[in-house]
Amino acid sequence: MENYVAIDLEMTGLNAKRDTILEIGAVKVANKKVVEEFQVMIHPHMKLPLQVVQLTGITDEMAAQGDELGEVFPKIVEFCADLTLLGHNIMFDYSFLKQAATNQNLPFEHAGVDTLKIARSLLPKEQKKTLQALGDFYAIQREHRHRALDDARLAMELYEIFEREYGAQQPALFAPAPLLYKTKKQQPASERQKKRLKELADYHQVALQVPWESLTKNEASRQIDKIIGQYGRMPKVN
């Protein structure tokens, strides 16, 4: 595989149908040489979970400077074109990309190669196979851990190492396979949902950062449940 896009995402959570993309990093490789890179921060319109801040170093202030996903996602679709996607646990990242594409009525069908799958097939069981552990094992230099572009570069370098050492003996491991993930377009939140969410937030004096115009039913329900879980319900009016 000489032409591909190595890609990595940072997200606000682990569920593509509920959480959102926070950062995208991608490296385009042509004839085994890096020809272009792509990096963008996405405004999540929410306070970031503490574990995300601790893991990535991305703060609420940094995220608030990010672009709107709807504005920049067509650019990543164009960047990836029809190339194979490479990543560490690529299906996880692809699920978020595919959901975003479906929400925006954009095509996003790709084959993929997974460096995690390759590592699990080739390396001893006792060897930790997280992206960061493998980067340390192979002494691959990177400036930032758990940041999208640095991790995309790391996945690319891991692939090149694996391919040089094992590609001739086990070519099937390095063959792209279709990435299949079923998505359903997320419906916009109803006016009733928006009203309830705003009333809850006002009553509990919670400062909301949500994209009201593009708010989905799932996100509205999640925000409502989050406020109720943390602060309780509003008293019933007789």
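The structure displayed is predicted, hence computed values, not measured ones.

Enquirer: Help me understand helix α5 (residues 115-122), please; the structure alone is not making it clear to me.
Expert: Residues three or four positions apart in an α-helix share a direction because the helix packs 3.6 residues into each turn. T115, L116, I118, A119 and L122 are the residues of α5 that are buried. One side of α5 carries all its buried residues, which in axial view fall inside an arc of 160°. Among the exposed residues of α5, those pointing more than 90 degrees away from its buried face are K117 and R120. Against β4 (84-87), β5 (111-114), α6 (131-137) and α7 (148-166) lie the buried residues of α5. The N-terminus of α5 is capped by D114, whose side-chain oxygen sits 2.9 Å from the backbone nitrogen of L116.

Enquirer: Help me understand the nonpolar core in this model?
Expert: Generally speaking, soluble globular proteins have nonpolar side chains that are buried together. Residues I7, I21 and I76 are the most contacted members of the largest nonpolar core, which totals 28 residues. In terms of residue count, helix α3 (residues 69-80) provides more of this core than any other element does, seven residues in total. Beyond its immediate chain neighbours, meaning those up to four positions away, I21 contacts L9, E10, M11, I42, L69, F96, L97 and A100. Membership of the second largest hydrophobic core comes to 25 residues, among which are Y4, A6, F162 and L173.

Enquirer: Can you help me understand the packing of aromatic side chains in this one?
Expert: Centre-to-centre distance and the angle between the planes together describe a pair of aromatic rings. Under the definition given, this model contains eight aromatic pairs. Between the aromatic rings of Y138 and F162, the centroid separation amounts to 5.8 Å while the plane-to-plane angle is 80°, which identifies the pairing as edge-to-face. Note that Y138 is positioned in the loop between α6 and α7 and F162 in helix α7, a separation of 24 residues in sequence. By the burial criterion, Y138 is buried, and F162 matches it. Taken together, a centroid distance of 5.9 Å and an interplanar angle of 65° make the contact between Y159 and F174 edge-to-face. Of this pair, Y159 sits in helix α7 while F174 sits in the loop between α7 and β6 (177-178), placing them 15 residues apart in sequence. The pair formed by Y159 and F174 is uniform in burial state, with each residue classed as buried. Through a chain of ring-to-ring contacts, the aromatic side chains of Y4, Y159 and F174 assemble into a single cluster. The side chain of K28 reaches across the aromatic face of F79, ending 4.6 Å from its centre.

Enquirer: Would you mind going over the packing of α5 against α7 with me for this structure?
Expert: A pair of packed helices is captured by two measures, namely the crossing angle of their axes and the spacing between those axes. Taken N-terminus to C-terminus, the directions of α5 and α7 make an angle of 40°; their axes are 10 Å apart at the nearest point. Comparing their axes, α7 and α5 come out oblique. Regarding α5 and α7, the two cross each other, and that crossing is left-handed. On the side of α5, the interface is formed by T115, I118, A119 and L122, while α7 contributes A155, Y159, F162 and Y166. Residue classes in the contact of α5 with α7 are distributed as seven nonpolar, one polar and no charged.

Rules behind the numbers
- Residues numbered from 1 in each chain as written.
- Predicted model: local features only at pLDDT ≥ 70, side-chain atom pairs only at ≥ 80, totals over all residues.
- Heavy atoms only, no water.
- Buried < 20%, exposed > 50% of the residue type's maximum accessible area, 1.4 Å probe, protein only.
- Helix = DSSP H or I, 4+ residues; strand = E, 2+ residues; numbered from the N terminus.
- Arc of directions from axis to C-beta.
- Contact = heavy atoms within 4.5 Å.
- Polar contact = N/O pair within 3.5 Å; in protein donor to acceptor, adjacent residues only side chain to side chain.
- Core = buried A, V, L, I, M, F, W, Y, C linked by side-chain atoms within 4.5 Å.
- Phe/Tyr/Trp six-rings, centres within 6.5 Å; stacked < 30°, edge-to-face > 60°.
- Lys NZ or Arg CZ within 6 Å of the ring centre and 35° of its normal.
- Axes fitted to C-alpha atoms, helices over the stretch in contact; angles between N-to-C directions.
- Parallel < 35°, antiparallel > 145°, perpendicular 65-115°, else oblique.
- Left-handed = near helix turned anticlockwise from the far one by under 90°.
- Nonpolar A, V, L, I, M, F, W, Y, C, P; charged D, E, K, R; others polar.

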